[in-house]
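Secondary and tertiary structure notes
Each chain is listed here by its residues.
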Amino acid sequence: MHLRGFLAGLCVLAFSAAASAQGTEEWPKLDVRGLARAAGLSTVEAVIAEDPVYGGEKRYRGLPLEDMLAAIPKVEDLARRGALVTFHAADGYLATMDLARALRSGGVLATNDLDALPGRTWVPIEQGGRTVSPAPLYLVWPAAESDDPRYVWPYQIQTIEVKPFAAQYGAAVPDFEADAGNEAGHEAVRRGFEHMRVRCLTCHSVNLVGGDLGPELNVPMNVTEYWKPEMLPRYVRDAPSFHARSKMPSFRATLSEAEIDDILAYLRFMTDRKVCGTVAPCE
Ligand code: HEC
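One numbering rule holds for all chains: residues counted from 1, following each sequence as written. Two thresholds apply to this predicted model, a pLDDT of at least 70 for residue-level local features and 80 or more for giving and counting side-chain atom pairs, whereas whole-chain, interface and lining totals are computed over all residues. Excluded from the side-chain calculation are hydrogens and water; included are all heavy atoms of the structure.

1. A closer look at the nonpolar core
To keep it simple, the criterion reads: Take the buried Ala, Val, Leu, Ile, Met, Phe, Trp, Tyr and Cys residues and link them wherever side-chain atoms come within 4.5 Å; each set so joined is a nonpolar core. Exposure categories follow from relative accessible area, calculated using a 1.4 Å probe and restricted to protein chains: below 20% of the type maximum is buried, above 50% is exposed, and the middle band is partly exposed. Starting at the N terminus, helices and strands are each numbered in turn, a helix being any DSSP run of H or I of at least four residues and a strand any DSSP run of E of at least two.
Ranked by internal contacts, the top residues of the largest apolar core, which has 45 residues, are Leu 69, Val 85, Phe 87, Leu 99, Trp 141 and Ile 160. A total of 4 residues in this core trace back to one element, the largest contributor, which is helix α4 (residues 99-103). Formed by 29 residues, the second largest nonpolar core is a distinct cluster that contains Ala 188, Val 189, Ile 260 and Met 270.

Structure representation (structure tokens):
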């Protein structure tokens with residue numbers, strides 16, 4: 001069976017149910033938890049030269065991502081309008097990338113690791129001192145460099161959502177309107193938000209926007225309100241040197257001190273722009 005046909009019904013269902021429940025503008029969301037077990041879908045093989053999760057060369061079997069995205073109504077229009085696609089993992093991790101890029105880069109939603117032991121579907125992943133299974137789906141890119149930040153490699157994928165930038169990041173976007181006269185500081189805040197978006201909102205939320213593998217960083221209390229100022233940049237740079245078995249990775253190799261200063265400028269800026277806590281209850 002072709003994936004597109006299988007998904008068409010599934011997607012439209014999720015779409016209309018969400019819209020009528022909220023009465024607001026809603027965006028397409030695919031529940032893909034059952035996909036790995038769905039019988040008879042045509043699959044492809046993916047060879048990855050340098051797998052960012054396992055390291056080294058890997059081979060998988062899986063479903064073409066573009067076939068799945070093509071099941072979303074008006075997906076090409078959404079891509080032209082600059083929409084983003086977000087992959088939600090079982091552990092609260094969110095991975096977001098440009099929808100247009102995701103539609104035409106040969107991504108594969110792996111359902112099987114071809115290097116697994118006989119009779120097994122997956123090789124377990126080492127994560128913060130534990131081992132986890134990437135099931136049901138792990139997104140891989142045979143044609144992309146594993147360290148290219150424009151591509152995301154999430155595993156344990158449960159749902160896939162398509163949204164324009166403003167709907168995706170809403171209350172976490174720094175709003176400079178009520179802050180005229182301080183333009184010099186805005187550049188650092190703007191850069192900090194961009195680093196935060198790519199590196200941190202996968203696991204953390206700000207104003208309840210983002211992943212929930214790690215704690216919310218702004219409401220009701222902003223981290224910069226209770227951390228010692230000299231310790232916070234050291235922590236962000238290298239959390240595993242503070243917490244054994246930390247689920248937060250080290251950023252020593254990927255973020256400079258200046259980039260971390262920008263992230264902290266953004267977090268401090270958001271202290272006066274809480275969606276709840278000082279202005280309204282969070283629960
Ligand atoms: C893979 C998930 C993950 C990523 C990515 C991540 N964090 Fe974390 N972070 C966590 C977890 C989980 C904790 C809780 C402590 C722990 O497990 O070590 C944490 C803790 C923190 C804390 C301490 C919170 C507190 O109240 O004490 C701060 C600050 C923080 N992270 C900031 C960041 C920033 C800034 C980035 C991006 C540069 C980032 N994190 C990226 C998972 C993550």
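There's more to say after this.
2. A short note on the sheet that holds strand β9 (residues 138-140)
Stated formally: Strand pairing is assigned whenever DSSP detects at least two bridges linking the two strands. Lines fitted to C-alpha atoms define the axes, with helix axes restricted to the stretch in contact, and inter-axis angles between N-to-C directions lie between 0 and 180 degrees.
Ordered in space as β2-β3-β6-β9, the 4 strands form an open sheet in which the pairing is antiparallel. Looking at which strands have only one partner, the edges of the open sheet turn out to be β2 (44-48) and β9. Adjacent strand axes in the sheet meet at a mean angle of 50°, parallel and antiparallel pairs treated alike. Sheet topology places β2 next to strand β3 (residues 58-64); 5 bridges connect them, and they run antiparallel. Within β3, the position partnered with Ile 48 by the bridge is Lys 58.

3. Thoughts on the pairing of strand β5 (residues 94-98)
Among the 5 residues that make up β5, 4 are buried, leaving the element largely enclosed by the rest of the structure. Where strand β4 (residues 84-89) meets β5, 5 bridges bridge the pair, whose relative direction is antiparallel. Across the sheet, residue Val 85 finds its bridge partner in β5, namely Met 97. Where β4 folds back onto β5 in an antiparallel hairpin, the turn is made up of 4 residues, including Gly 92, whose phi is positive at roughly 95°.

4. A look at the pattern of salt bridges
What counts here: The term salt bridge refers to a pairing of a side-chain nitrogen on Lys or Arg with a carboxyl oxygen on Asp or Glu at a separation within 4 Å.
What the rule picks out here adds up to 14 salt bridges. The salt bridge involving Asp 179 is made with Arg 273; its shortest N-O contact spans 3.9 Å. Here Asp 179, found in the loop between α5 (165-169) and α6 (183-199), pairs with Arg 273, found in the segment after α9 (257-270); they are 94 residues apart in sequence, far enough to count as distant. Given the relative accessible area of 18%, Asp 179 is considered buried. Given the relative accessible area of 23%, Arg 273 is considered partly exposed. One salt-bridge network, in which partners are shared between bridges, spans Glu 45, Arg 59 and Arg 61.

5. Side note on the environment of Ala 188
Our working definition: Residue contacts follow a heavy-atom distance rule, with two residues in contact if any of their heavy atoms lie within 4.5 Å.
Along the polypeptide, Ala 188 turns up in helix α6. Residue classification places Ala 188 among the buried positions, given a relative accessible area of 17%. With near-sequence residues (within four places) excluded, Ala 188 lies in contact with Asp 262 and Ala 265.

6. A look at the coordination of the iron atom of the ligand
Applied cut-off: Water is not among the atoms examined, so metal sites may look incomplete; donors are the N, O and S atoms within 2.8 Å of the metal, or within 3.2 Å for Na, K and Ca. Here a site with four donors is tetrahedral if all angles are between 85 and 135 degrees, and a site with four or six donors is square planar or octahedral if opposite donors are over 155 degrees apart and the other angles are between 65 and 115; anything else gets the irregular label.
Those donors, His 204 (NE2) and Met 248 (SD), are the protein atoms that reach the iron atom of the ligand, and they lie 1.9 to 2.1 Å from it. In this structure, the iron atom of the ligand is coordinated by 6 donor atoms arranged in octahedral fashion, with angles at the metal of 87 to 177°. Residue His 204 is located in the loop between α6 and β11 (205-206), and its partner Met 248 is located in the loop between α8 (232-237) and α9; the two are separated by 44 residues in the primary sequence. Assessed through its relative accessible area of 11%, His 204 is described here as buried. Since its relative accessible area comes to 17%, Met 248 is described here as buried.

7. What to know about the site of the ligand
The line we're drawing: A cutoff of 4 Å decides nearness: a residue is near a molecule or strand if any of its heavy atoms lies inside that distance of it. The definition of a polar contact used here is a pair of N or O atoms within 3.5 Å, where within protein one atom must be able to donate a hydrogen and the other to accept one, and adjacent residues in sequence count solely through side-chain atom pairs.
Taken together, 23 residues sit near the ligand, with Cys 200, Cys 203, His 204, Tyr 226 and Met 248 positioned nearest. His 204 places a polar side-chain atom, nitrogen or oxygen, 2.7 Å from a nitrogen atom of the ligand. Only α7 (223-226) and α8 provide two or more residues apiece to the shell around the ligand. In terms of residues, the shell around the ligand owes the most to one element, α8, which gives 3 residues.

8. Looking at unusual backbone geometry
For residues that are not glycine, phi is negative in most cases, and the peptide bond is trans in most cases. The peptide bond linking Ala 135 to Pro 136 adopts the cis configuration, its omega dihedral lying at 5°. One can find Pro 136 in the loop between β8 (130-132) and β9. Unlike most non-glycine residues, Lys 74 shows phi in positive territory, near 55°. In this fold, Lys 74 is placed in the loop between α2 (65-69) and α3 (75-80). For Lys 74, a relative accessible area of 64% translates into the label exposed.

9. With respect to the pairing of β3
With 5 of its 7 residues buried, β3 lies for the most part within the structure. When β3 meets strand β6 (residues 108-113), the two strands line up antiparallel, connected through 5 bridges. Note that in β6 the partner of Pro 64 across the bridge is Val 108.

10. Some words on the domain arrangement of the protein
Worth spelling out the cut-off: Segment limits for the domains were obtained from an automatic or database-derived domain assignment. Note: buried area is the sum, over both parts, of the accessible area (probe 1.4 Å) each one loses when the two are combined. Only Asp, Glu, Lys and Arg are considered charged in this grouping, and only Ala, Val, Leu, Ile, Met, Phe, Trp, Tyr, Cys and Pro are considered nonpolar; every other residue, Gly among them, is considered polar.
Here the domain parsing of the protein yields domain 1 (3-163) and domain 2 (170-270). Averaged C-alpha coordinates put domain 1 and domain 2 at centres separated by 27 Å. Listed as interface residues are 7 residues of domain 1 and, on the opposing side, 11 residues of domain 2. Between domain 1 and domain 2, a total of about 770 Å² is buried, with carbon and sulfur atoms accounting for 58% of that surface. The three residues of domain 1 that bury the most area against domain 2 are Tyr 93, Leu 94 and Arg 130, which together make up 46% of that side's buried surface. The interface formed by domain 1 and domain 2 includes 0 salt bridges. Counting across the interface, domain 1 meets domain 2 through 3 residue pairs in polar contact (both at pLDDT 80 or more). Looking at the side of domain 1 that touches domain 2 residue by residue, the classes come out as 3 nonpolar, 2 polar and 2 charged.

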